[in-house]
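Residue-level structural notes
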Amino acid sequence: MAEQHNHEHDHDHEHEEPAVTKVIGEVPDLSKAEARPITVVGNPVLHRECQDVTAFDAELSALIDDMFASMYAAEGVGLAANQIGVDLKVFVYDCPDDEGVRHIGHVVNPVLEEFPADRRRVLDDGHEGCLSVPTAYAELPRPDYAAVSGRDKDGNPVRVEGTGFFARCLQHETDHLYGFLYIDKLSKRARKDALKQMAEGTPKYATVSND
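In this text, all values refer to a predicted model and were calculated from it rather than measured experimentally.

Time to look at the nonpolar core. Counting residues in hydrophobic clusters, the biggest one holds 21 residues, and the most contacted among them are M67, L79 and V90. At the level of elements, α1 (58-73), β4 (90-96) and β5 (101-112) are the ones that each hand at least two residues to this core. By residue number, the principal contributor to this core is α1, which donates six residues. Beyond its immediate chain neighbours, meaning those up to four positions away, L79 contacts M1, I38, M67, S70, M71, I84, V90, F91, V92, L131 and E173. Judged by nonpolar contacts, the second largest core, of 17 residues, contains V77, A80, C95 and V107.

The next thing to look at is the layout of surface pockets. Each pocket or cavity is described by its volume, and for the largest pocket that value is around 370 Å³. Along its surface, the largest pocket is lined by 19 residues, and A74, E75, Y137, K204 and Y205 are the ones closest to its centre. Looking at the lining of the largest pocket, the elements that each hand over two or more residues are β7 (127-130) and β8 (133-139). Top contributing element to the lining of the largest pocket by residue count: β8, with five residues. The class makeup of the residues in the lining of the largest pocket is 11 nonpolar, five polar and three charged.

All right, on to α1 then. Here α1 spans 23 Å end to end across 16 residues, near enough to the 22 Å set by a 1.5 Å rise per residue. Where α1 is buried, its residues contact β2 (38-39), β3 (78-80), β4 and β5. Between the side-chain oxygen of the N-cap and the backbone nitrogen of E59 there are 3.3 Å, and the N-cap of α1 in question is D57. Taken from the residues just after α1, E75 is the one with a positive phi, measuring 60 degrees.

With that out of the way, let us pick up the side chain of H176. Mapped onto the elements, H176 comes out in helix α2 (residues 164-177). Here Q83 takes part through its side chain, which lies 3.5 Å from a polar atom of the side chain of H176. In this structure, H176 is in contact with A80, N82, Q83, C130, S132 and L181, ignoring residues within four places of it in sequence.

With that out of the way, let us pick up helix α3 (residues 188-200). Counted at 1.5 Å a residue, the expected span for α3 with its 13 residues is 18 Å, and the 18 Å between its end C-alpha atoms agrees. For α3, the set of buried residues is A194, Q197 and M198. Considered in projection along α3, the buried side chains sweep an arc of 100 degrees and stay on one side of the axis. Projecting away from the buried face of α3 at angles above 90 degrees are the exposed residues K188, R189, K192, A199 and E200. Residues of α3 that are buried sit in contact with β8.

Here four bridges tie β7 to β8, and the two strands are oriented antiparallel to one another. Opposite H127, over in β8, you have E139 as the bridge partner.

It is worth spelling out the environment of D97 at this point. Here D97 is to be found in the loop between β4 and β5. Spatially, the C-alpha atoms of D97 and L140 are 17 Å apart, while their sequence positions differ by 43 residues. A distance of 2.8 Å separates a polar side-chain atom of D97 from the backbone nitrogen of E99. One polar contact links D97 to H103, side chain to side chain, over a distance of 3.0 Å.

Thresholds, definitions, all that
- Residues numbered from 1 in each chain as written.
- Predicted model: local features only at pLDDT ≥ 70, side-chain atom pairs only at ≥ 80, totals over all residues.
- Heavy atoms only, no water.
- Core = buried A, V, L, I, M, F, W, Y, C linked by side-chain atoms within 4.5 Å.
- Buried < 20%, exposed > 50% of the residue type's maximum accessible area, 1.4 Å probe, protein only.
- Helix = DSSP H or I, 4+ residues; strand = E, 2+ residues; numbered from the N terminus.
- Contact = heavy atoms within 4.5 Å.
- 1 Å grid on protein atoms, 1.4 Å probe; cavity = no way out; pocket = protein on both sides within 12 Å on 5 of 7 lines; lining within 4 Å.
- Points joined across faces, edges and corners; volume = space filled by probe spheres on them.
- Nonpolar A, V, L, I, M, F, W, Y, C, P; charged D, E, K, R; others polar.
- Expected span 1.5 Å × (residues − 1).
- Polar contact = N/O pair within 3.5 Å; in protein donor to acceptor, adjacent residues only side chain to side chain.
- Arc of directions from axis to C-beta.
- Pairing = 2+ DSSP bridges.

In structure tokens, the structure reads:
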């Protein structure tokens, strides 16, 4: 997922993100990692459900390191494996929430949990962007709370929950692994506008041509 973006006409004043006051997770050691180019909308790997991970080994750990390196190179806050052309259910994140907490980690074979029945459902109608739809942003309402269950790189059970912008990230990345981009959730008009933004923009990071 792309970093937060605010159009000039969206607010009368500049939006200020809260200062990071806490970090959950550890910054990965990427000394041996390689940043890979990003696949973009239209690449078949983005438009189908990815394969479940069955081998929790050194190859998976190396992939996760490369995913972090690729995400940082593209200045994103989340990245799914199919965004670097790998057909496996894995995503990584380094994303702030709206309270100034920085969340860092990865989830293998993630499943988005049903929204809790005892929690008040509030929609966040913020703008969303995607590294696989470079330079485009659109308003997309999403629940302001999300929880994802899965495994870590060693096969241990993990559960990650988040609010605000981080909740958006968890939903966005899990969607990727089941073959959906955020633009698939937009109206036809909004989707067309997002693709126009992409066509008119120039990404600041390496992408894979669909030619």
